[in-house]
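Take a look at the letters that make up each chain.
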Amino acid sequence: MGPIDDALAAHVERALADYLAERHAGMAEAAPSFGSAVESLASFVLGGGKRLRPTFAWWAWRGAGGAGSGEQAHAVLRAVSALELIQACALVHDDLMDASAMRRGKPTVHVEFAARHRALRWLGEPERFGAAAAILLGDLALAWADDMFAGAGLEPVRQAAALSPWQAMRAEMLAGQYLDVLTQAKGDESAAAALSVARMKTAAYTVERPLHMGAALAGAPEHVIAALRGFGADIGVAFQLRDDLLGMFGDTDVTGKPAGDDLREGKRTLLMSVGLRRADAAGRHADAKVMRTALGDDALDVDAVERVRGLLVEVGAVAEVESRIADLADSAMSALRSVDLADPASAVLDGLAVTATKRTS
């Protein structure tokens, strides 16, 4: 294994820190007041996260024959690290749209800026200021993602090859965000709608497209790219289904978000879709009503959340979603084993699949 392989997360962290420090310095000089806002964005980006997206992209690059050291390897490292800025955009905007108060155990960006407005007794409404700041900083993260990717120092042929998955990923991430809010607005309880959100909002930009991007950077043939995308699509959906379970049953001290938040926000996850379908099919109409009434009730107390949790277990929804995760993991591994990748990429990707689908945070 190369030197980057051995400490990939630390290399990604350093690449992000260096890039953000450079951009912050330029902003702080040109517009000091905005510089302080940029500092908050940098703190958010560097304040936690699994770095899954650059990790999947890097191991696709390595698996398709890309070097683990040297000038081009470091250029690829910078390019795939830019994926974390797309993730920052998604999280900042998602927290605002969902009215989430906490992320990684800390106040979300819009809450932080509303609190700053309130503490300094500025004019206007603190919540509107917080929302505006979150929108702008999320947009800035997306713009800087493009800048970091474009300025990574890739050879022109490699950058051109990676541009298609990069562009597709950005559009799919935004489409997924829209489908999420649309599903909530329509009250669509169908499994098809929940899975569509999971595929577009999470699977595509978390696993599938990063793998596509890494393989394209290495000049992988189409059959290798197709296999990696198939692996990524299944693991990505499984990742979201695990996230849905953690959103309902996870330990707040571990996840950094209050348990039951998805329920309060009215998320029509596959877990809720299955729970409602199974309750209706079993003639448990009163229980189905309890679950439907709880969806979108931001005043739900701990006992009410616990009641819905119990019902989801009782009707078999949790077991069905766990089974779906296992099936997706099996399908993903079949796709991964259908192609030969350079060592040790297959083993690393296998381990990442386990991490993504069996995690506790």
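Up top is the structure these notes are about.
Residues numbered from 1 in each chain as written. Predicted model: local features only at pLDDT ≥ 70, side-chain atom pairs only at ≥ 80, totals over all residues. Heavy atoms only, no water.

Asker: It is not clear to me how the overall build of the chain should be interpreted in this structure. Could you clarify?
Answerer: Secondary structure summary: the chain contains 18 helices and two strands in total. For 361 residues, the compact-globule estimate of 2.2 N^0.38 gives 21 Å, and the chain sits close to it at 21 Å. Viewed in the frame of its principal axes, the chain has a C-alpha envelope of about 65 × 60 × 30 Å. Residue burial in the chain is summarised as follows: out of 361 residues, 52% are buried. Counting contacts in the chain only where the partners sit at least 6 residues apart, residues at least 24 apart contribute 75% of the total. By element, 56% of the accessible surface of the chain is carried by carbon and sulfur atoms, the whole surface being about 15,300 Å². Where the 37 positive side-chain charges of the chain centre and where its 48 negative ones centre are 2 Å apart. (Helix = DSSP H or I, 4+ residues; strand = E, 2+ residues; numbered from the N terminus. Rg over C-alpha atoms; globule rule 2.2 N^0.38 Å. Buried < 20%, exposed > 50% of the residue type's maximum accessible area, 1.4 Å probe, protein only. Contact = heavy atoms within 4.5 Å. Areas by Shrake-Rupley, 256 points an atom, 1.4 Å probe, with all protein chains shown as cover. Lys, Arg positive; Asp, Glu negative; His and termini not counted. Charge placed at Lys NZ, Arg CZ, Asp CG, Glu CD.)

Asker: Whenever I open this one, a nonpolar patch on the surface confuses me. Can you help?
Answerer: Among the surface-exposed residues, Leu120, Trp122 and Phe129 lie close enough to one another that they form a single nonpolar patch of about 290 Å² accessible area. Owing to a relative accessible area of 31%, Phe129 belongs among the partly exposed residues under this scheme. (Patch = residues over 30% accessible without salt bridge, like charges linked within 9 Å, V, L, I, M, F, W, Y side chains within 5 Å. Salt bridge = Lys/Arg side-chain N within 4 Å of Asp/Glu carboxyl O.)

Asker: Help me out: how do you make sense of the environment of Leu77 in this one?
Answerer: Along the chain, Leu77 falls in helix H5 (residues 71-81). Other than its neighbours up to four places away in sequence, Leu77 contacts Ile4, Leu8, His11, Val12 and Trp58.

Asker: What is the right way to read unusual backbone geometry from this model?
Answerer: Negative phi values dominate among residues other than glycine, just as trans dominates among peptide bonds. A cis amide bond links Asp343 with the next residue in sequence, Pro344, at an omega value of 0°. For Arg51, which is not glycine, the phi dihedral falls at a positive 55°. If you check the backbone angles, Arg121 has positive phi at about 55° while not being a glycine. Summarising the element assignment, Arg121 is placed in the loop between helix H7 (109-120) and helix H8 (126-150). Exposure remark for Arg121: the relative accessible area of 76% places this residue in the exposed category.

Asker: Can you help me understand the environment of Gln159 in this one?
Answerer: Along the chain, Gln159 turns up in helix H9 (residues 156-186). The class for Gln159 is partly exposed, based on a relative accessible area of 23%. It is 14 Å that separates the C-alpha atoms of Gln159 and Leu83, two residues lying 76 residues apart in sequence. Apart from the residues within four sequence positions on either side, Gln159 is in contact with Phe149, Ala150 and Leu154.

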